[in-house]
Amino acid sequence: MELFGTLVLASIVLGLLFLIFGRDSSRYSKMPPGPTPLPFIGNMLQLDSRALYESFMKLKETYGTVMTVHLGTQRIVALVGFDAVHEALVQQADAFAGRAVSPLIMKLTGDFGLIQSNGERWKQMRRFSLSTMRDFGMGKRSIEKWIQEEAKHLTEEFRKTKGSPCEPTLFLSRAVSNVICSIVFGQRFDYQDENFVKLLTLVDENLHLFSKPISLLYNIFPALIKLIPGHFKKMLLNVNEIKQFTSAIIDKHKATLVSDSPRDFIDSFLIKMKQESDNPDTEFHFDNLHMTVLNLFTAGTDSTSTTLRYGLLILMKYPHIQEKVQKEIDSVIGQDRAPAMEDRRKMPYTDAVLHEIQRFIDFVPLNIFHMTTKDTIFRGYFIPAGTMVVPLLYSVLYDETKWATPHSFNPDHFLDDNGGFKLNPAFMAFSAGKRICAGEGLAKMELFLFFCSLLQNFSFRSKEDPENISLLPTSTTFVKSPQIYELMAIPR
Ligand code: HEM
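Small disclaimer: the values here were computed from a predicted structure and weren't measured. (Residues numbered from 1 in each chain as written. Predicted model: local features only at pLDDT ≥ 70, side-chain atom pairs only at ≥ 80, totals over all residues. Heavy atoms only, no water.)

Engineer: Would you mind going over the overall build of the protein with me for this structure?
Structural biologist: Helix and strand content of the protein: 18 helices and nine strands. The globule rule puts the C-alpha radius of gyration for 492 residues at 23 Å, and the 24 Å found for the protein is close to it. The principal-axis extents of the C-alpha atoms in the protein amount to approximately 90 × 60 × 40 Å. For the protein, the proportion of its 492 residues judged to be buried stands at 54%. Long-range pairs, those at least 24 residues apart, make up 73% of the contacts in the protein between residues at least 6 apart in sequence. In the structure as shown, the protein presents an accessible area of about 22,000 Å², 56% of it carried by carbon and sulfur atoms. Mean positive and mean negative side-chain charge positions of the protein (54 and 54 charges, respectively) differ by 2 Å. (Helix = DSSP H or I, 4+ residues; strand = E, 2+ residues; numbered from the N terminus. Rg over C-alpha atoms; globule rule 2.2 N^0.38 Å. Buried < 20%, exposed > 50% of the residue type's maximum accessible area, 1.4 Å probe, protein only. Contact = heavy atoms within 4.5 Å. Areas by Shrake-Rupley, 256 points an atom, 1.4 Å probe, with all protein chains shown as cover. Lys, Arg positive; Asp, Glu negative; His and termini not counted. Charge placed at Lys NZ, Arg CZ, Asp CG, Glu CD.)

Engineer: Help me out: how do you make sense of the site of the ligand in this one?
Structural biologist: If you check the shell around the ligand, you find 26 residues, and the closest are Arg126, His370, Ser431, Arg435 and Cys437. Ser431 is positioned such that a nitrogen or oxygen atom in its side chain is 2.6 Å from an oxygen atom of the ligand. Mapped by element, the contributors of at least two residues to the shell around the ligand are α6 (119–135) and α14 (286–317). No other element matches the five residues that α14 contributes to the shell around the ligand. Among the residues making up the shell around the ligand, the classes are represented as 14 nonpolar, nine polar and three charged. (Near = heavy atom within 4 Å. Polar contact = N/O pair within 3.5 Å; in protein donor to acceptor, adjacent residues only side chain to side chain. Nonpolar A, V, L, I, M, F, W, Y, C, P; charged D, E, K, R; others polar.)

Engineer: Explain helix α8 (residues 169–184) to me, please; I cannot follow it from the model alone.
Structural biologist: The α-helix advances 3.6 residues per turn, and as a result positions three or four apart in sequence lie on the same side. Between its terminal C-alpha atoms α8 stretches 22 Å, which fits the 22 Å expected from 16 residues at 1.5 Å a residue. Within α8, 15 of the 16 residues are buried, which leaves it mostly tucked inside the rest of the structure. Among the residues trailing α8, Gly186 stands out with phi positive, at a value near 75°. (Expected span 1.5 Å × (residues − 1).)

Engineer: Where do I start with the nonpolar core in this structure?
Structural biologist: Generally speaking, nonpolar side chains in soluble globular proteins are found buried as a group. Phe56 and Phe158 are the most contacted members of the largest nonpolar core, which has 148 residues in total. If you tally residues by element for this core, the top one is α14, at 13 residues. Not counting residues up to four positions away in its chain, the partners in contact with Phe56 are Met67, Val69, Ile76, Ala78, Leu366, Val390 and Leu392. (Core = buried A, V, L, I, M, F, W, Y, C linked by side-chain atoms within 4.5 Å.)

Engineer: Just to check I follow, could you spell out the packing of aromatic side chains for this structure?
Structural biologist: For any pair of aromatic rings, geometry is given as the distance between the ring centres together with the angle between the planes. Enumeration according to the criterion identifies 23 aromatic pairs in this entry. Between Phe158 and Phe171, the aromatic rings sit 4.6 Å apart at their centres with planes inclined by 15°, giving stacked as the arrangement. In this pair, Phe158 sits in helix α7 (residues 141–159) while Phe171 sits in helix α8, placing the two residues 13 residues apart along the sequence. Phe171 carries the same exposure label as Phe158, and that label is buried. An angle of 55° between the planes, with centres 6.0 Å apart, marks the rings of Phe458 and Phe460 as tilted. Phe460 carries the same exposure label as Phe458, and that label is buried. Taken together through their ring pairs, the aromatic side chains of Phe185, Phe189, Phe196, Phe245 and Phe297 make up a single cluster. Here Arg174 stacks its cationic end above the ring of Phe171, 5.7 Å away from the centre of that ring. When the ring centre of Trp403 is taken as origin, the NZ or CZ atom of Arg359, which lies over that ring, is 5.4 Å away. (Phe/Tyr/Trp six-rings, centres within 6.5 Å; stacked < 30°, edge-to-face > 60°. Lys NZ or Arg CZ within 6 Å of the ring centre and 35° of its normal.)

Engineer: When you look at the side chain of Thr246 in this model, what are you seeing that I'm missing?
Structural biologist: Tracing the chain through its elements places Thr246 in helix α12 (residues 230–256). A distance of 3.0 Å separates a polar atom in the side chain of Thr246 from a polar atom in the side chain of His290. Sequence-distant contacts of Thr246, defined by excluding residues within four places in its chain, comprise Phe185, His290, Val293 and Leu294.

Engineer: Sorry, what's going on with the UniProt feature "binding site: heme" (unreviewed entry) in the protein here?
Structural biologist: UniProt tags Cys437 as "binding site: heme" (unreviewed entry). Take Cys437: it is sitting in the loop between α17 (393–397) and α18 (440–457). In contact with Cys437, other than residues within four places in its own chain, are Arg126 and Phe430. (UniProt positions renumbered as here; feature names shortened; annotations may be inferred.)

Engineer: Even after reading the chapter, I still don't get the sheet that holds strand β3 (residues 98–99), so can you show me in this structure?
Structural biologist: On the basis of which strands lie adjacent, the open sheet formed by five strands has the order β1-β2-β7-β4-β3 and mixed pairing. Two strands in the sheet have a free side with no partner beyond their single neighbour: β1 (66–71) and β3. Two elements, β1 and strand β2 (residues 74–79), share six bridges in a ladder whose sense is antiparallel. Paired with Val66 across the bridge in β2 is Leu79. (Pairing = 2+ DSSP bridges.)

Here it is in structure tokens:
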């Protein structure tokens, strides 16, 4: 009887295995190698959901730089190291330009907008967003002036602390967010504006919730969204509150729109909606407007402000680097005028420190997941259309063949023998190829101008001994943030 029971169980398991993995086996047999998956859970036992990128690095030792891994029943292809990521995103750009939309995102926001869309919708949203952001100053003098003005507000705010310890998150996010608000909403918000502060808190909270291992589990086993809904409900509540805020602003724009004189991104989108109102297939409709605005606002706020916050922590840990940057600021800019973009080429050390901050903090270690747009042959392997692809940015920014000391903070990574600035092609903090960050130019300008203004006006110190400052990130499933810390902004 016992033998019979075992046989029945074995055949059920084998049957399930065949059902799940046997179908289409010839189609998948030429996919890149990877660990053998278990039914339902795939390779979850080999993956650490709190530091997925480290698990991929370990698996690379056995399976190489292009591998197939199963997150539950979902097949994904992970690309490890500069060569593989560059080859896919740049040399086979079209094939790897799709976006994998996770079940969690699908339930929270759908596939509207720019970040999470594909095909014609993505092409139209990307083209329109880039050209409209340029119209409203991205990469130009006008936005430079706006950032300089905002930097003044930021330094005034720090000055009010009179050198006493403060937690810098909101200081930085309000300033950074006001830059994208100027382009998208045509206005900046007062730092004391309660709605604005609430909005930033919600955006920040959702990013943290999204980076928790439970969010990854939701994506792998979507049934969990119903079974353990608490975490999901909190995120949805936040998304809805954020949407209410942006909806109110869009409504105000609609009521005051002058068709031949757009004031900002929203006006331009509303005008385009009018122009295309007879086209039944138009992508210029309210859902795409709403989500693109939300995409620009969220992507444009947390990434840059977290980079500044992490950067200040790093400089408190390495005061000699902070002093060297300040010396360069003093000699090139001085104390009597605001930093300007044309100063950058005369400031190779500061430029190197900023690049090294972005490399070292590795803000999006797994990148935002991509997807193949068509059946693809990559390095002799077959990758079917619609396969989720993880171009591991951590493995590029920490590639031991590309950086002298990848695990230490070392501005020399971006300096030549004469102290001049030297770019490294493995600097892919903004990713590469067709999906490369749409706000790269804006982010670089903000980082330079805010960072220089802060260090021109203050020295940043910690209550702790620099030796004891930890640079370890708090969470690493999606984005890396520094531990919560306090700083003292000592006027210079
Ligand atoms: C330090 C700051 C920033 C970093 C490190 C960063 C990084 C990234 C990365 C890694 C991606 C994914 C690229 C890919 O899928 O291959 C991305 C996408 C994107 N970023 Fe940024 N970003 C930053 C700032 C900004 C800013 C200021 C904006 C605002 C305009 C922005 C808007 C976007 C958008 C809209 C996308 C989606 C592009 C698409 O799917 O076509 N980012 N960013």
